[in-house]
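One-letter residues, chain by chain:
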Amino acid sequence: MKQKIIIILLFITSFAKAQDFSAAEKYLDGGNIPEAVKEFEKLSKQNPNDPEVFMLLGYCYINSPNLHEKAIPSLQKSLELFTESKSKKGEIDATFLLGIAYRKNLEFDKALDIFNKLIIDKEYADYKSIDILEREINYCINAKKNYAAKDFVRVRNVGTKVNSEYTEHSPVYIEINHELIFTSKISSKANKDKGFDGEYNENIYSCKYQNFKADSINLLNIYDNDKKSYATCWISSVGDKMLLHYDGNIYYIEKQGDKWTKPEPFKEINSIYREPDACMNDAGDIVYFISDKSDGYGGLDIYKITKDGKGKWSNPENLGNKINTKFDDNSPYLHPDGTFYFASEGHNSIGGYDIFAVEPKGKKNFSEPVNIGVPINSIDDDIFYYLSPDKKLAFFTSNRTGSIGRADIFSVNYADSSLKYLEIKGLALIENQISDSISINIFSIKSKANVYEGITNEYGEYSINIDRGLNYFTEISEKGYFFEAFTFSAPVDTISTRNLNKISLQKIEPGNVNKQYAIKFANDDYILDYESEIFANSLVKFSIENPDLQIDLSVKDTTSSKISSKRIQSIVDYLKKHGISDEKVSTNLMKSNLSDNEVLVTILDNSTKQYAFGQKVNNINLNGDPANIVNNSTNNNSNVNGNKNNNANFNLSAGNSFEKGIYTIQLGAFKIRKNSKDILFKNLNPKPSEYKCNTGYWHYTFGKYKFKNEAENNLMILQKMGFTDAFVREIDWYNQNKI
């Protein structure tokens, strides 16, 4: 696959003529980006005030799969120098490329900010295409949506036995004998000289590929494959027919015994124009192909020919503007079930080529193209998609971050559900003794749906597969015992199983009942959220099963009386609506040391209720952990904040530092690593967590919190302490982006 140029830069005359730049220019013009990077890096040291050097270096970084993060500082430097020299064209060039660099680093909002400013710049159209700019804006908008709705499939590089430092592309697969056939630009015995692009001529190779492992590769035994630059296009399901590309034309071959016939030009397709790719159905009477014919909608378009009952092929027919766009549309593939796949730079691509799917509607029409989404598609080029007949395995080509070479072949394991589901395992006991009758109920906080209802096994264990990317509420209960409740997250990562903390239920002992929980509200809010409603349902069920027990609702003395009354009333109304009478609910008998946004829920019996008034009950630390007991204690005198340090001056809590949380607070991100004893963090205890991320920055975070509004409460305190740029973010983001 050729190195695709994102933007054509018009070099300033002095640049083109300067001898010092000749090598860099030669490599860049020839598409040899790896060597161009080396030359421009040298030039950037020799010419530290030349804006074009830094702009073109940034451009090379953008087009290098594993160097995207380096593009941003290089282009920022270029823009600064162009601005100083008052070169409007240079400013626009560097600004536009900086926007692309932000997009390539998944900083879509920053990219959109740049592109939206350029589109209202009256001088922009004097230098650049509005269509290209609008496409970049659409890339960012589409990427934000697609990355937020990331699909749960496992994509992996097929490895170094297939991929090299050069380009590998156009994979096809014969499922019945596990044979992967692809095109590579590596050297061979008859292919020892590199071209201008720094790669060798391409040839077709094959290998066994099974259980996601490749054997050694070999040149495919095709006539003149070692002499001509053939490339794979399509292969039939049983591997007896192939379409090839050579020198801008399509060729057809068949397998006879163990040998392939001599490639014959496909005359009904080939023309004076370029036809770089094609596919056929297994019946051999429909062919889709790519061409840059003059009657197209722009760039490369997809065409179709059909064979009638007499064996005559029809004239080529453009698939129309439902499929083809004003940008390049490429790499057709027709699955045996009739689904048609292709790659396009248009439609709702999230960057470069994306893979799309359409369903046939009659002989000539298709459904609307559907982007098959992340993680198969990325902000880089994703093309040459092949899906096995049983739909369990797919291959495609991409030049995304993580590639071994300039473009690599990746596999998709649709049969592996481990990324869609997370196995949850837990242990529930009764006063530390095994029981096979403890009830386990797990709810999706997003929908309030009960996703699991069961009991412990003979070993007190339970397990369930749950959807990833969601937060869950778990209730563990047994008649005659206090219920326990906790929340946990199911992140999208490579961990297949998560073990939750051991839970031991405590017996209800009349005359000594004093069990506490908490219900949390958002700042200045008094409406029960989904998590609180699920907890309230557990409370209702427990209260009905234990009619002699009372419920007390208390708030902290410092909480606004108006908002605290509304919060208590909200809980009371919910309990009454679900069958709990007024006589069973009291208010403010207990003294709460919880946060201002929490309501203390205490379970009492008549004996403990009689002397409860005015009694000080300090709750345990209730700040967040997704896999720890949430909001409960039994006569525990631990302080809610618990930190004996400078944080106490601000009433700052770091949450439960010994467990994982759902949320944290980012204090800042820095290019240069900070020392934990840095004066910036002197008033924080514990010290911040540190993450080196693929953004190119060191990220520093404080605390681990189960609830977002708990993190937001402490965020306000940190901002008062001087961390004005701090913000709340899910901890999973750092786990997914750290390097």
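Whatever comes next refers back to the structure up there.
Throughout what follows, the structure given in this document is the object of discussion. For every chain, the first residue of the written sequence is number 1, and numbering continues from 1 along that sequence. Given that the model is predicted, a residue must reach a pLDDT of at least 70 before its local features are reported, and side-chain atom pairs must reach 80 or more before they are shown or counted; all residues, however, enter totals for whole chains, interfaces and linings. Computation of side-chain values covers all heavy atoms of the structure but excludes hydrogens and water.

Quick look at the nonpolar core now. Residues belong to one nonpolar core when they are buried, are Ala, Val, Leu, Ile, Met, Phe, Trp, Tyr or Cys, and are joined through side-chain atoms within 4.5 Å. With a 1.4 Å probe rolled over the protein chains alone, any residue whose accessible area is under 20% of its type maximum counts as buried; one over 50% counts as exposed, and the rest are partly exposed. In terms of nonpolar packing, the biggest core is built from 43 residues, with Leu28, Phe40, Leu75 and Phe115 touching the most fellow members. Runs of E in the DSSP output that reach at least two residues are strands. Runs of H or I that reach at least four are helices, and both are numbered from the N terminus. For this core, the elements supplying multiple residues, two or more each, are helix 2 (22-29), helix 3 (33-46), helix 4 (51-62), helix 5 (68-85), helix 6 (88-104), helix 7 (108-119) and helix 8 (130-148). Contacts were defined at the residue level, with two residues in contact if any of their heavy atoms lie within 4.5 Å. Excluding anything up to four places from it in sequence, Leu75 contacts Phe54, Met55, Gly58, Ile62, Ala94, Leu97, Leu98 and Ala101.

Attention now moves to unusual backbone geometry. Residue Val374 is joined to Pro375 through a cis peptide bond whose omega torsion reads 15°. With an omega dihedral of 5°, the bond running from Asn685 to Pro686 counts as a cis peptide bond. By secondary structure assignment, the location of Pro686 is in the loop between strand 39 (663-670) and strand 40 (689-692). The phi torsion at Asp247 lies on the positive side, around 55°, for a residue other than glycine. Along the chain, Asp247 falls in the loop between strand 8 (241-246) and strand 9 (249-256). Notably, His347 is not glycine yet its phi reads approximately 50°, a positive angle. Checked against the element boundaries, His347 lands in the loop between strand 17 (340-344) and strand 18 (354-358).

Criterion for a salt bridge: a side-chain nitrogen of Lys or Arg within 4 Å of a carboxyl oxygen of Asp or Glu. Under the criterion given, the structure shown has 25 salt bridges. Here Lys42 and Glu39 are joined by a salt bridge, their closest N and O atoms 3.8 Å apart. Residue Lys42 and its partner Glu39 are both found in helix 3; the two are separated by 3 residues, about one turn of the helix. When its relative accessible area of 47% is taken as the criterion, Lys42 is described as partly exposed. In this structure, Glu533 engages Lys448 in a salt bridge whose closest nitrogen and oxygen atoms are separated by 2.6 Å. In this pair, Glu533 sits in helix 9 (residues 530-545) while Lys448 sits in the loop between strand 27 (439-444) and strand 28 (450-455), placing the two residues 85 residues apart along the sequence. The class for Glu533 is buried, based on a relative accessible area of 16%.

When DSSP finds two or more bridges between two strands, those strands count as paired. Read across the sheet, 4 strands follow the order 12-13-14-15 without closing on themselves; strand pairing throughout is antiparallel. Each edge of the open sheet is held by one strand with a lone partner, namely strand 12 (278-280) and strand 15 (317-318). Where strand 14 (residues 301-306) and strand 15 come together, 2 bridges link them in antiparallel fashion. Residue pairing in the sheet places Lys304 in a bridge with Glu317 of strand 15.

On to the environment of Ser586, then. As for its placement among the helices and strands, Ser586 is situated in strand 36 (residues 585-587). Sequence separation of Ser586 and Ser554 is 32 residues, and the distance between their C-alpha atoms is 8.7 Å. Ignoring anything within four residues of it in the chain, the contact list for Ser586 reads Ile551, Asp552 and Leu553.

The strands that make up a sheet are held in pairs by hydrogen bonds between backbone atoms, and each pair lies either parallel or antiparallel. Spatially, 28-27-30-31 is the arrangement adopted by the 4 strands of the open sheet, whose pairing is antiparallel. A single partner strand is all that each edge strand has here, and the edge strands are strand 28 and strand 31 (484-490). The average undirected angle you get between the axes of adjacent strands in this sheet is 20°. Looking at chain direction, strand 27 and strand 30 (residues 470-477) are connected through 6 bridges and run antiparallel. Bridged to Ile442 within strand 30 is Thr474. Strands strand 27, strand 30 and strand 31 of the sheet are contacted by helix 9, whose axis makes an angle of about 10° with strand 30. Between N-to-C directions, angles span 0 to 180 degrees; the directions come from axes that are lines fitted to C-alpha atoms, helices contributing only their stretch in contact.

A word on the pairing of strand 39. Within strand 39, 6 of the 8 residues are buried, which leaves it mostly tucked inside the rest of the structure. Across 6 bridges, strand 39 lies against strand 41 (residues 698-705) in antiparallel orientation. Within strand 41, the residue paired with Ala669 across the bridge is His699. For strand 39 and strand 42 (residues 727-730), the ladder comprises 4 bridges, and the chain directions are antiparallel. For Tyr663, the partnering residue across the bridge sits in strand 42 and is Glu730.

What follows deals with the environment of Val162. Its location among the elements puts Val162 in the loop between strand 1 (154-157) and strand 2 (168-174). With 51 residues separating them in the primary sequence, Val162 and Lys213 have C-alpha atoms 9.8 Å apart. For Val162, the residues in contact, after removing those within four places along its chain, are Glu168, Leu180, Phe182, Cys207, Ala214, Ile217 and Ile409.

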